[in-house]
Amino acid sequence: MAVLSQRINNLSESATLKMTKLGRELAAKGINIISLSIGEPDFNTPEHVKEAAKKALDENYTRYSPVPGYPELRQAIVNKLKRENNLDYDISQIVVSTGAKQSLSNVILTLINPGEEVIIPTPYWVSYSEMVVLAEGKSVFIDTDIESDFKITPEQLEAAITPKSKLFMFSSPCNPTGSVYSKDELAALVKVFEKYPDLYILSDEIYEHINFVDSHESIAQFDSIKDRVIIVNGFSKAFAMTGWRLGYIAANKEIAAANDKMQGQTTSGTCSIAQRAGIVAYEQGLETVLEMKKSFARRRQLVYELLNDIPGVKTNLPDGAFYFFPEISSFFGKKDADGNVIKDSADLALYLLNVGHVATVGGDSFGNNNYIRLSYAASDESLIEALRRIKEALAKLN
């Protein structure tokens, strides 16, 4: 009898965490590694949020919290959705989880039966398809490329829908491409969704506030499908609270109750201290968020110029998040100094780590093998040096 379950054996290791781990192992050997592999703001959590956590400790918020989150936090989320997104929810439609990652997993596990299909545009965040595997569903991919700014068309969406389609999941702004869907683009997709009343939409909006075009547009704004939209959001990116593990969903009452039930049998309520800090984060405005966004906007332009200066690399200018997803297939088939052939994006990412000492992530893990992902959540100096190393390493391939 096998020791491990088929369920765990079917899962792949997270590519972003794997590259971060490899980079740390090299750094532990004394090698200067610049990590552009992980999606984490390089800013500290705002002081007023940290003070709220300290106050929560002093006030002894140290016991079990309600499974779906403190009512005060859920109300703060309801208020935020109305204030910033003009969306109407009540607290019975909000479930707070241990990070948006758990929120995503909860939704998929509560919606998907074995064999049901989940439509995912590529490229996608690495864990989407693995969560579908865990639910014993089937991922159906819609391929995009740099020419379309990695966005799907209504025609592509309609062609992907079958009688087994249960869920469509996407992110805007997107990880890994930074692509942002406009209101008009979402409206065109909604016309397709209106034809299929049994198809649900999971909208990952965790990068909502890192948006360099217009204001954020949520697909939940369209009344004709709102009841089938599940918003996933959280505090990690906008408020630099990655380690606090605080995310949430907004959904219809049936789906919210199912997620509450699921969570009650797994983790129960998330960290009480993090929740109290989250209340203050949402109640005290976006000043620190907007300052961080200014830094990301400057870095985006810097990296865009540096990438365009590397022969063989093709890139677009992302509209949101803090990633570039450049096309690098021109290097496939080339050899390194030891005669090893670069066969795919994973090989190239490993080569850049070992030779250039820069950690990136191969696009194969995001569903598009011809690309790599670079995070620009790093200092200007680190970005300049990292892109210099990448350019130099790539020039050595022949």
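Scroll up a little and you will see the structure.
Residues numbered from 1 in each chain as written. Predicted model: local features only at pLDDT ≥ 70, side-chain atom pairs only at ≥ 80, totals over all residues. Heavy atoms only, no water.

Enquirer: I'd like to hear about the pattern of salt bridges, residue by residue, with values.
Expert: For the structure on display, the rule yields 22 salt bridges. A salt bridge links glutamate 72 to arginine 276; its shortest N-O distance comes to 3.5 Å. On the criterion of sequence distance, the pair formed by glutamate 72 in helix α4 (residues 71–85) and arginine 276 in helix α10 (residues 272–283) is long-range, its members being 204 residues apart. Notably, a salt bridge pairs lysine 80 with glutamate 208, separated by 2.8 Å at the nearest N-O pair. Of this pair, lysine 80 sits in helix α4 while glutamate 208 sits in the loop between β6 (200–204) and β7 (229–234), and the two are 128 residues apart along the sequence. Given the relative accessible area of 0%, lysine 80 is considered buried. Linked through salt bridges whose partners overlap, the residues forming this network are Asp42, Arg298, Arg299 and Asp380. (Salt bridge = Lys/Arg side-chain N within 4 Å of Asp/Glu carboxyl O. Helix = DSSP H or I, 4+ residues; strand = E, 2+ residues; numbered from the N terminus. Buried < 20%, exposed > 50% of the residue type's maximum accessible area, 1.4 Å probe, protein only.)

Enquirer: Would you mind going over helix α11 (residues 287–308) in detail, with residue names and values included?
Expert: Here α11 is 22 residues long and its end C-alpha atoms lie 32 Å apart, about the 32 Å a rise of 1.5 Å per residue gives. Here α11 has its buried residues at Val289, Met292, Ser295, Phe296, Arg299, Arg300, Leu302, Val303 and Leu307. Here the buried face of α11 lies against β9 (323–324), β12 (372–375) and α13 (380–395). (Expected span 1.5 Å × (residues − 1). Contact = heavy atoms within 4.5 Å.)

Enquirer: If you had to explain the pairing of strand β3 (residues 117–121) to someone new, which residues and values would you point to?
Expert: In summary, the side chains of a regular strand alternate between the two faces of the sheet. Summarising burial for β3: five of the five residues are buried, a large majority. Here β3 shows no split at all, with Glu117, Ile119 and Pro121 on one side and Val118 and Ile120 on the other all buried. Crossover connection from β3 via helix α6 (residues 127–134) to parallel strand β4 (residues 138–142): handedness right-handed. By the bridge criterion, three bridges tie β3 to strand β5 (residues 165–171) in an arrangement that is parallel. The partner of valine 118 across the bridge, within β5, is leucine 167. (Right-handed = clockwise from strand over helix to strand, strands pointing away. Pairing = 2+ DSSP bridges.)

Enquirer: Summarise the environment of lysine 18; cite the residues concerned and give the values.
Expert: Looking at the element boundaries, lysine 18 is found in helix α2 (residues 15–28). Judged by relative accessible area, lysine 18 falls into the partly exposed class, the value being 40%. Remark: the alpha-carbon pair of lysine 18 and aspartate 336, spanning 318 residues in sequence, is separated by 22 Å.

Enquirer: How would you explain unusual backbone geometry if you had to name every residue and give the values?
Expert: The step from threonine 122 to proline 123 runs through a cis peptide bond, and the omega angle for that step is -5°. In this structure, proline 123 sits in the loop between β3 and α6. Of note, asparagine 86 is a non-glycine position whose phi angle comes to about 55°, a positive value. By the element assignment, asparagine 86 lies in the loop between α4 and β2 (94–97). The class for asparagine 86 is exposed, based on a relative accessible area of 56%. Phi at aspartate 149 takes a positive value of approximately 55°, unusual for a residue other than glycine. By secondary structure assignment, the location of aspartate 149 is in the loop between β4 and α7 (154–160). Judged by relative accessible area, aspartate 149 falls into the partly exposed class, the value being 33%.

Enquirer: Lay out the nonpolar core in plain terms, naming residues and giving numbers.
Expert: One finds Leu348 and Leu394 to be the most contacted residues of the largest nonpolar core, which totals 74 residues. Looking at this core, the element that brings in the most residues is α13, giving six residues. Apart from the residues lying within four places of it in its own chain, the contact partners of leucine 348 are Ile328, Phe331, Ile342, Ile372, Leu394 and Leu397. Counting residues in each nonpolar core, the second largest holds 49 residues, with Tyr70, Phe168, Phe170 and Met241 among its members. (Core = buried A, V, L, I, M, F, W, Y, C linked by side-chain atoms within 4.5 Å.)

Remember, this is a structural readout, not a statement about activity or role.
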